[in-house]
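# Structural features, examined
Below are the chains, spelled out letter by letter.
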Amino acid sequence: MSQGFLKSSIGKKFVMGLTGLFLISFLVVHCFINCLIFFNDGGLTFNIGADFMAHNWLIRAGELVLFFGLIVHVIQALLLTLENKKARPIGYAKIDGAANSSWYSRSMGLLGTLLLMFLIIHLVHFWVKSRFTGLPGEDANGNENLYAVMQETFKMAWVVVLYALSMISLAYHLLHGFQSAFQTLGLNHKVYTPIIKKAGIAFSILIPFIFALMPILMFLGIIK
Amino acid sequence: MGSGHGTELNLTLKVWRQKNSKAAGSFETHQLTGISTDMSFLEMFDVLNEKLISEGKEAIAFDHDCREGICGMCSMYINGRPHGPKQGVTTCQLHMRSFKNGDTIVVEPWRSAAFPVIKDLAVDRSAFDRIIASGGYISVNTGNAQDANNILIPKTDADEAFGAAACIGCGACVAACKNSSAMLFVSAKVSQLALLPQGQVERKERVKKMVAAMDEEGFGNCTNTGACEAECPKGISLENIARMNRELMGATFK
């Protein structure tokens with residue numbers, strides 16, 4: 001019975017919404033840890049957080065769940081896109097999309113693809129080094145020095161530009177995705193939906209802004 | 001009447017022509033002169049068809065019936081939007097005063113695998129009928145009508161059910177959706193019955209059957225862009241889609 005649900009068009013978008021919200025919850029944790037660089041203490045506080053995240057077994061297990069959630073979100077999106085393309089084999093000659101919907105709500109696939117490309121580069125920059133190839137030694141507290149990798153990486157202007165632009169993609173992806181997930185889960189309410197929508201807009205601007213601020217401030221040498 | 005009362009337009013019309021569901025179609029360009037701004041969009045097509053017939057050419061096939069905006073028969077994707085540039089109206093209620101002299105108007109049929117073109121601008125929307133037949137009804141004892149207010153219904157429920165029941169099944173939601181999704185239509189039909197006491201008996205089976213029928217017809221998947229709600233001539237709300245999602249979850253995981 002529940003298998004039939006997951007195969008239905010509503011079940012498929014249910015999976016998109018649920019994994020989307022899960023990935024959103026990850027963004028909060030990631031952003032919170034990264035904010036530790038704003039102590040501007042040469043990364044000592046940040047490295048405490050990063051070291052904990054890298055070695056706590058519960059976090060490592062959560063990391064596997066996170067990758068699973070991401071892969072499901074991506075694969076489901078691809079399958080849905082293919083299905084949706086099939087549902088309109090002959091397209092319109094003229095479409096006035098702006099008259100009835102926002103461009104970013106119609107471009108979730110494109111924005112998602114940009115984000116996936118960014119994510120791969122981002123993982124190579126930090127995650128692969130942190131988990132596999134090793135970090136450049138320890139800091140004064142004896143914690144693994146992930147901060148040193150950040151300093152090295154964000155010396156490169158192209159990296160900083162790429163990260164900032166990718167955060168714009170993230171902002172627009174969230175701008176549609178956040179409130180859309182609630183609608184998909186059937187959480188539509190006369191009083192709460194307007195609040196969810198406003199909270200979604202605030203979240204979609206705030207989180208990518210904070211993320212973008214990190215490479216920019218480090219590049220400019222304001223965070224040392 | 002608007003300020004354009006009595007004026008006439010010269011227009012270029014690019015209309016999709018297609019012999020049948022199997023033939024490949026293409027656009028045909030027509031020049032129209034002296035089109036009154038008081039005409040409806042369909043009346044403009046009537047003028048064009050009379051001209052075509054008098055020239056010994058084949059008239060353009062298009063769907064229409066009541067021409068009062070209540071039957072859901074007229075369609076046409078006009079300048080990139082179902083039912084044209086005005087919000088909350090069907091094509092028959094769209095008037096030529098919404099256009100300017102010298103405009104080029106592109107007219108296409110609804111585009112969806114589930115709505116095959118029958119001819120020119122007329123598409124086969126029987127997929128909607130099959131979805132309704134799968135569960136969009138209530139089984140009642142026929143006989144004399146009940147007394148009014150015999151079954152008490154909260155005003156808010158009655159209003160929401162009425163809002164959903166305003167759907168005329170024209171298919172503009174499918175035409176507007178970038179995914180050709182029929183969620184707004186199906187959710188309106190599920191909602192109007194789920195909200196009322198008469199609909200309770202078959203409530204759970206209904207939503208399961210109607211969603212399954214919708215998926216089987218080859219409509220796309222909803223991505224909540226909201227284009228359907230914006231283009232719906234009857235202002236059917238996206239809230240219905242959220243309700244249908246809840247209904248299906250409730251029916252599946254009881």
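Owing to the predicted nature of the structure, the values given are computational and were not obtained by experimental measurement.

### What to know about the overall build of chain A
For chain A, the helix and strand inventory stands at 9 helices and 0 strands. Its C-alpha atoms put chain A at 60 × 40 × 40 Å along the principal axes. Buried residues in chain A amount to 45% of all 224 residues. In chain A, the proportion of contacts linking residues at least 24 apart, taken out of those at least 6 apart, comes to 75%.

### Considerations on the pattern of salt bridges
Residue and element names in this part refer to chain B. Under the defined criterion, the tally for this structure stands at 20 salt bridges over all chains. Two residues, Lys 57 and Glu 55, come together in a salt bridge whose shortest N-O distance is 3.2 Å. According to the relative accessible area criterion, Lys 57 is partly exposed, its value standing at 48%. Here Glu 55 falls in the partly exposed class, since its relative accessible area comes to 42%. Across the salt bridge formed by Glu 58 and Lys 119, the nearest N and O atoms sit 2.2 Å from each other.

### Some points on unusual backbone geometry
Residues and elements named next belong to chain B. With a phi angle near 75 degrees, Met 76 is a residue other than glycine that sits in the positive phi range. With respect to the helices and strands, Met 76 occurs in the loop between helix H1 (41-54) and strand S3 (77-78). Accessibility expressed as a relative area gives 1% for Met 76, which makes it buried.

### Regarding the domain arrangement of chain B
Residue and element names in this part refer to chain B. Here chain B is partitioned into domain 1 (8-117) and domain 2 (125-252). With centres defined by C-alpha atoms, the gap from domain 1 to domain 2 works out at 29 Å. Contacts between the two partners involve 21 residues from domain 1, matched on the other side by 20 residues from domain 2. Carbon and sulfur atoms make up 54% of the area that domain 1 and domain 2 hide from each other, which totals about 1,500 Å². Together, Pro 82, Ala 114 and Phe 115 form the three largest contributors to the area buried by domain 1 at its contact with domain 2, with a combined 33%. The partner of Glu 231 in a salt bridge is Arg 81, and the shortest N-O contact between them spans 2.8 Å. Where domain 1 meets domain 2, there are 9 residue pairs in polar contact (both at pLDDT 80 or more). The residue inventory of the side of domain 1 that touches domain 2, partitioned by class, reads 10 nonpolar, 8 polar and 3 charged.

### Considerations on the packing of aromatic side chains
Going through the model one piece at a time under the given rule, you end up with 22 aromatic pairs over all chains. Consider the rings of Phe 41 of chain B and Phe 45 of chain B, whose centres lie 5.7 Å apart with planes at 45 degrees: the pair is tilted. Taken together, the residues span about one helical turn, with Phe 41 of chain B and Phe 45 of chain B both in helix H1 at a distance of 4 residues. Following the ring pairs from residue to residue traces out a cluster consisting of Phe 118, Phe 126, Phe 154 and Tyr 163 of chain A.

What counts, and where the lines are drawn
Numbering of residues starts from 1 in each chain and follows the order in which that chain's sequence is written. Lettering of chains starts at A and numbering of ligands starts at 1, both following the order in which they are written. Since the coordinates come from a predicted model, pLDDT governs what is reported: local features require at least 70, and pairs of side-chain atoms require 80 or more to be given and counted, while whole-chain, interface and lining totals use all residues. Side-chain numbers come from the whole structure's heavy atoms, not from hydrogens or water. Helix and strand assignments follow DSSP, with helices taken as H or I runs no shorter than four residues and strands as E runs no shorter than two, numbered in order from the N terminus. Burial status follows relative accessibility: with a 1.4 Å probe on protein chains alone, a residue under 20% of its type maximum counts as buried, one over 50% as exposed, and anything between as partly exposed. Any two residues whose heavy atoms approach within 4.5 Å at even a single point are treated as in contact. Whenever Lys or Arg places a side-chain nitrogen within 4 Å of a carboxyl oxygen from Asp or Glu, that contact is recorded as a salt bridge. As used throughout, domain bounds are those supplied by an automatic or database domain assignment. A quick way to say it: buried area is the sum, across both parts, of accessible area lost when two parts are put together, with a 1.4 Å probe. Counting of polar contacts relies on pairs of N or O atoms within 3.5 Å, with two restrictions inside protein: one atom must be capable of donating a hydrogen and the other of accepting it, and residues adjacent in sequence are counted only when both atoms are side-chain atoms. Polar here means any residue other than Ala, Val, Leu, Ile, Met, Phe, Trp, Tyr, Cys and Pro, which are nonpolar, and Asp, Glu, Lys and Arg, which are charged; Gly is therefore polar. Centres within 6.5 Å make a pair out of two Phe, Tyr or Trp rings, where for Trp the six-membered ring is used; the pair is then stacked when the planes are under 30 degrees apart, edge-to-face when over 60, and tilted otherwise.

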